[in-house]
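Each chain is listed here by its residues.
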Amino acid sequence: MRGGGNVSLKVLVMTAQILLNILRHSIVKMEAINLLILDECHHAVKKHPYSLVMSEFYHTTPKEKRPSVFGMTASPVNLKGVSSQVDCAVKIRNLESKLDSVVCTIKDRKELEKHVPMPSEVVVEYDKASSLWSLHEKIKQMEQTVEEAARSSSRRSKWQFMGARDAGAKEELRQVYGVSERTESDGAANLIQKLRAINYALGELGQWCAYKVAHAFLTALQNDERANHQLDIKFQESYLVTVVSLLQCNLSEGAISENNATGSDMDDASLNGNEPDELEEGELTTSHIVSGGEHVDVIIGAAVADGKVTPKVQSLIKILLKYQHTEDFRAIIFVERVVAALVLPKVFMELPSLSFVKSASLIGHNNSQEMRTSQMQDTIARFRDGRVTVLVATSVAEEGLDIRQCNVVIRFDLAKTVLAYIQSRGRARKPGSDYILMVERENLSHVAFLKNARNSEETLRKEAIERTDISHLKDTCSINSGEAVDGTMYQVKSTGAVVSLNSAVGLIHFYCSQLPSDRYSILHPEFTIKHHETPGGLLEYSCELQLPCNAPFEKLEGPPCKSMRLAQQAVCLAACKKLHEMGAFTDMLLPDKGIGAETDKVEQNDEGDPLPGTARQREFYPEGVADILQGEWILSGKGCEEPKIFNLYMYSVNCENTGFSKDPLLNQVSEFAVIFGAELDAEVLSMSMDLFVARAVITKASLVYEGPVKIRETQLTSLKSFHVRLMSIVLDVDVEPSNTPWDTAKAYLFVPLAGRKSTDPAHLIDWALIDEVTKTDAWINPLQRARPDVYLGTNERTLGGDRREYGFAKLRHGMANEQKSHPTYGIRGAVAQFDVVKASGLAPHRDASRVPFQVDLTNGKLMMADSCIMVEDLGGKIITAAHSGKRFYVDSVRFDMTAENSFPRKEGYLGPLEYGSYAEYYKQKYGVELIYRQQPLIRARGVSYCKNLLSPRFEHSDGHDAVSEETPEKTYYVFLPPELCFVHPLPGSLVRGAQRLPSIMRRIESMLLAVQLKDIINYPVPASKILEALTAASCQETFCYERAELLGDAYLKWVVSRFLFLKYPQKHEGQLTRMRQQMVSNMVLYRFALNKGLQSYIQADRFAPSRWASPGVLPVFDEDTKEADSSLFYEEIDSDERLSRKIHNTDGYEEDEMEDGELESDSSSYRVLSGKTLADVVEALIGVYYVEGGKCAANHLMRWIGIEIDFDLKEIKYSVKPSTVPDNILRSIDFDSLEGSLNCKFSDRGLLVEAITHASRPSSGVSCYQRLEFVGDAVLDHLITRYLFFTYTDLPPGRLTDLRAAAVNNENFARVAVKHNLHTHLRHGSSALEKQIRDFVKEVQNELLKPGFNSFGLGDCKAPKVLGDIFESIAGAIFLDSGCVTASVWKVFQPLLNPMVTPETLPMHPVRELQERCQQQAEGLEYKATRTGNLAIVEVYVDGVQVGAAHNPQKKMAQKLAARNALVALKEKESAEAKESSEGDGKEKNGSQSFTRQTLNDICLRRNWPMPIYQCIHEGGPAHAKRFTFAVRVNTSDRGWTDECIGDPMPSVKKAKDSAAVLLLELLNKWYTR
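What counts, and where the lines are drawn
- Residues numbered from 1 in each chain as written.
- Predicted model: local features only at pLDDT ≥ 70, side-chain atom pairs only at ≥ 80, totals over all residues.
- Heavy atoms only, no water.
- Helix = DSSP H or I, 4+ residues; strand = E, 2+ residues; numbered from the N terminus.
- Contact = heavy atoms within 4.5 Å.
- Areas by Shrake-Rupley, 256 points an atom, 1.4 Å probe, with all protein chains shown as cover.
- Buried < 20%, exposed > 50% of the residue type's maximum accessible area, 1.4 Å probe, protein only.
- Axes fitted to C-alpha atoms, helices over the stretch in contact; angles between N-to-C directions.
- Parallel < 35°, antiparallel > 145°, perpendicular 65-115°, else oblique.
- Left-handed = near helix turned anticlockwise from the far one by under 90°.
- Nonpolar A, V, L, I, M, F, W, Y, C, P; charged D, E, K, R; others polar.
- Polar contact = N/O pair within 3.5 Å; in protein donor to acceptor, adjacent residues only side chain to side chain.
- Pairing = 2+ DSSP bridges.
- Phe/Tyr/Trp six-rings, centres within 6.5 Å; stacked < 30°, edge-to-face > 60°.

Draft legend 1. Up close: the overall build of the chain. For the chain, the count of helices and strands is 50 helices and 37 strands. Pairs at least 24 residues apart make up 73% of the contacts formed inside the chain by residues separated by at least 6 positions. Approximately 69,600 Å² of the chain is accessible, and the part contributed by carbon and sulfur atoms is 50%.

Draft legend 2. Expanded view of the side chain of Ser1110. Among the secondary structure elements, Ser1110 is positioned in the loop between helix 35 (1082–1091) and strand 29 (1166–1170). Using a relative accessible area of 1% as the deciding quantity, one classes Ser1110 as buried. Apart from residues no more than four positions distant in its own chain, Ser1110 is found in contact with His723, Met727, Leu731 and Phe750.

Draft legend 3. Focus on the packing of helix 41 (residues 1266–1287) against helix 42 (residues 1293–1303). Across the interface, helix 41 lies against helix 42 with an axial gap of 10 Å and an inter-helix angle of 140°. Looking at the two axes, helix 41 sits oblique to helix 42. Relative to helix 42, the crossing made by helix 41 is right-handed. Each of Asp1277, Ile1280, Thr1281, Leu1284 and Phe1285 in helix 41 lies in contact with helix 42, whose residues at this interface are Leu1296, Leu1299, Arg1300 and Ala1303. In the contact of helix 41 with helix 42, the residues fall into six nonpolar, one polar and two charged.

Draft legend 4. Here's a closer look at the side chain of Ser1326. Within the fold, Ser1326 resides in the loop between helix 43 (1306–1315) and helix 44 (1327–1345). One polar contact links the side chain of Ser1326 to the main-chain amide nitrogen of Ala1328, over a distance of 3.4 Å.

Draft legend 5. Region of the structure containing the sheet that holds strand 13 (residues 555–557). One open sheet holds the three strands; their spatial order is 11-12-13, and the pairing between them is antiparallel. A single partner strand is all that each edge strand has here, and the edge strands are strand 11 (526–533) and strand 13. Taken pair by pair, the neighbouring strands of this sheet meet at an average axis angle of 20°, ignoring direction. Taken together, the three bridges between strand 12 (residues 539–546) and strand 13 define a ladder with antiparallel strand orientation. Across the sheet, Gln546 pairs through a bridge with Lys555, a residue of strand 13. Each of strand 11, strand 12 and strand 13 touches helix 19 (residues 564–581); the most contacted strand, strand 12, lies at about 40° to it.

Draft legend 6. The packing of aromatic side chains, seen in detail. One pass over the full model with this rule turns up 19 aromatic pairs. Ring geometry for Phe676 versus Tyr748: centroids 5.7 Å apart, planes at 50°, classification tilted. Here Phe676 is found in strand 16 (residues 672–676), whereas its partner Tyr748 is found in strand 19 (residues 748–752), with 72 residues between them in sequence. With relative accessibility at 1%, the residue Phe676 sits in the buried group. What makes Tyr748 buried here is its relative accessible area of 0%. Relative to Trp1386, the ring of Tyr1283 has its centre 5.6 Å away and its plane inclined at 45°; by these criteria the two rings are tilted. Residue Tyr1283 is found in helix 41, and its partner Trp1386 is found in helix 46 (residues 1382–1393); the two are separated by 103 residues along the sequence. Given a relative accessible area of 13%, Trp1386 falls into the buried group.

Now the structure itself:
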């Protein structure tokens, strides 16, 4: 491409046709090209693309803007030869004129031969073949029979394209645009081509070769993957079978027998059972057999005598044998026909004498036996490196093939032109090469051609050097002018794209090939030539063009022209102009496919970067904060000289527990209020949120407005200090009130309530507690502040921490890295030396000799780490362990236990005691000598870190919260010596209450954002519903946007489809689909969302208090700190300081891949969102507005978001024209039956005719159903989705999606169409489609015989798409006929669709079911697909073992059947294993019936329950005989959690889980069969 300065020039390499196309469509202009290099430039004649490029574009470009032209050729004349020097001069001048160039060549041939050696030319003669006339005649008769059968066919379209009619236009379409047009008639045309190829092989190569060709055709036909859908396959097969049996013979080496000159009794087994009477009488005369001694040849004389091969083939074999001992032999054999190129290598393989030959074929693309480019390149590469020594090639190898090792070129068939003669000779590149020409003996035309070729070559070389003067010729001017460009053309001014008479026919064919179609309807234009006689007696022709039924217009009459070809070109040019004016062509004169290119299901661009709006495209976005939370007042309170009074608003947090728990701490919770700078929206107060505080307890929290409150600046200082002290402990962030940063964007404070009644909100605040907390000296001690682990050097949070970092899963079994777990860090494995605490001076010296007195236990005092305290004052307090920094709630003081008491064993450990007493334990572990050993121990329970209480954690956790309601003390409590404990300044009830505040405020902040967005959108919809539309499933809360998104997606698709259908009546279904894709794609919705700033409102991350920013207490991000969910009051308990309790593995680890909202960074104000999340939120908002406010609300939201279409039907200005269907078609349709099946009467029956007309049906003035299908698909999707959404209001989003997928799919629609006999009314013109429908109907009838069976699209037979399409198109027809009323469509289609799919009848796709099963059981799943003939074979492997297989013509159906078979096999295997293990233990459950995990999973899926939760409760025994015991339970939707069912000890995890599943299934059986 043209470049200036430092701009690099571009080099584009392409075929001549592509260059012509891009010039015609103005993609590249001739002025932009600097240099045009034309390889094999001799082609620039007549209508070749080289010639058209020069005439249409080069010579029409101003001279100063033309590129330079450099052409290369072996011969400037591409003809059979030149008659004279003058004739040669004229032809060269014509080429020079066309290319605007001068011919040059080398003068001294010897100079050239130094670099390009000339091979020695050898002529080899062969005898003429005898005619096998009887076989020839039989095959010719077959050709005639096929032609007659095709012509007599009742289908009009079957013959019309078979050969003669518009063959040139079809060829032009294939060459120009690379489109191979398959029509129904191709079956017959294809067979005739094959018969002619067989006949050619019979005459030129012999009977054996013809047999091999026929056999190859038959095999390819039988293995055709499209065999089920291709017309006339059986028809072709029957003829080919006959031909194969007629020609069948064998080929062996050997000479003719001397004692039997007729060849009927040969000494070797060359015939292998071919009886003498198989030879046709008169085929081989005795005189021919002995003439010339040819048939005495020891290699193949007998085969020649029998006509198995011709003397020409025999001669070729002799030539090859001469090179048997040639070193590095490499030969190219040039043949004229593809059939010869394919069969000759088979001859060579059959003959042992030619074992030194390794042969292959090389053919081009432009034939029925075409070779792919990759195959051609591979063949050439093998020839180059010697794996192939003989290449049998067509003319495709004459040009451009450069194999330096090639030392023999054989012209099996003589070249047709001088150029081919020269070029094929040039393939012999090695010095000393041979160029062998095979000539038929006494064939004068062969001799004449050779003489002419040699003379012409010398004449051309001489003319190029000396140049003959031809100025005396009168028509010299016509030579120089080049080929005139026809003035009739159509050019688009805006782009310069042009279509001329030369290109119009191909462009119309290309346009038709790009119209929407399926395998049954190959769309093409039809031409009808009309004859006109002028007054002068001259004959003129006009052409009528008929386009397919889904084009914008159907017929066009062209102007009268002098020839039929010109008439066809003229009408096509007029059609191109009209199509462009109607919008069917773009301004580049290419078929319009809609706005832009379709990008559906593409996740990344060419560079591999994710595309906008996809799940893989993830970006950082700031977290939104509602404007109402802003306040400058939060910065005040620094003790200014002039005290201010702030007018704030106080809201108390009201919490009410539902459910029952024996845990007393759940009710001992302080009350709080939140102070804001502005009054909150009433919807925030009406909101109630569920906090999942314990397994059986849900706390309902809400805000109650207490009124305005006046706060003095000094009070504000105290409130801020208290807020920071409290939240720093709750969130475990070590900050000081004096220097913490405050942000005006989030201004509110948490304050404790005193619990008394007052009309003044300020009096409700517990000021005494605030003073006590803020003024205590205890905060000086680093262990009492947040993050004591940093101080102690253990690098572990007190109230948080990541269990993965410390190997939690291994430590629960008591071992990690070969080290025993530490008593207080047993769960996490961190160890703090007490020396650190002693050195700090935080604890007194521990020297027994310095203790002045013994503590008197009778007066109720306890000696703590830094003070003495009354026992009664410890109640409800929090204590901090001096040796670990961990915190505990005080439960009681156990006067019956002291440090001298024996230390408890580990659970299940039966060996000798590890520690004699608590005192000994602390001495050995920490080096701490307990002084007050007689003091009672404090019974305490761990303080849990602050959790996300918005997620129903207990349903999703694999583990217990280690609480058994009957014996809670076994799980919670630890025992600590008082002298190792500090009393914390914050009361226990205060911390427990404050731990709920982050979750409450997260929901309030989200709600405030939803209120703010509601006000911006300005339409009355509940803010709580908007919040639902803004909350992603990744939040793991009790609501998310997925249900609303499903509804919004269907409504958006419907509204846009309706608009496009009515607005653009001339656009076909393909254009409409692409236009809709560009209006509702995720990429477009993602951009709408960004424009409106929705990214700030979306809640996409699962709430993690450790990452939540409280006012004045910003989160600290450590590499080893990530929120991990777990059960309440559980993680901090010392593993060895317990009474007998159980540790359960929660295995709640987060995946490595980041979900929406997750961000491993040092900033809390940013999070990661995927582009798809933003697009989904737009659809969810549409769904929510539709539910709450109907169409008006949804349309308002779509206008606000930026979807610019007319929503009101009156605004679209559409007009549905009454259909004009010919009366003969109306009379042919049984409307009474069809309308009876639908239970609907049509006002405009033409719409119904269109709805049942397939594109394969000849037009006759009726459009096909494609446009109606487009609008019908959208209306049914919307109506069914709406029905399911409002019918199953409590169904989870995933199940609702599955229901919709089962109800809205082509397979289901097709079965409904068959059920109501709609398929019998389909108007089409394809026998292949007819057969497929017939087979499908039979399968469906078999399905319906099964009692209660409804596959909802998951049957064993794949439906023809056409049947589902007409079901949708009829919906579109009813929609239009009723005046665009959707209710009319539902009134008709709801009864047709019954019984509708329900959660109980919803089948799971076998592929998905198998995948989920393998994922749950951590098994590897793999599918292996192969194809044999027209059958796809799919095998299923689980953990490398084949468990199922199936075959079907369709690969997807084979996969489904294989998955189903695998599931059956796996369930049978599990059943047998469970039964075997049950019998082996002598405990067969419930008689002979055995159940498995898969059975339990199936029940859960059917009843829409969460998956069962398994838990290993014991693992023991020696390594060679381990036993596992598992427990299982499930959360039923109607009766809550089941009891935990504990199975028997088993030798494997799978069997242990099965054992537990048996018990749970028995329990469920009792529950639901009473």
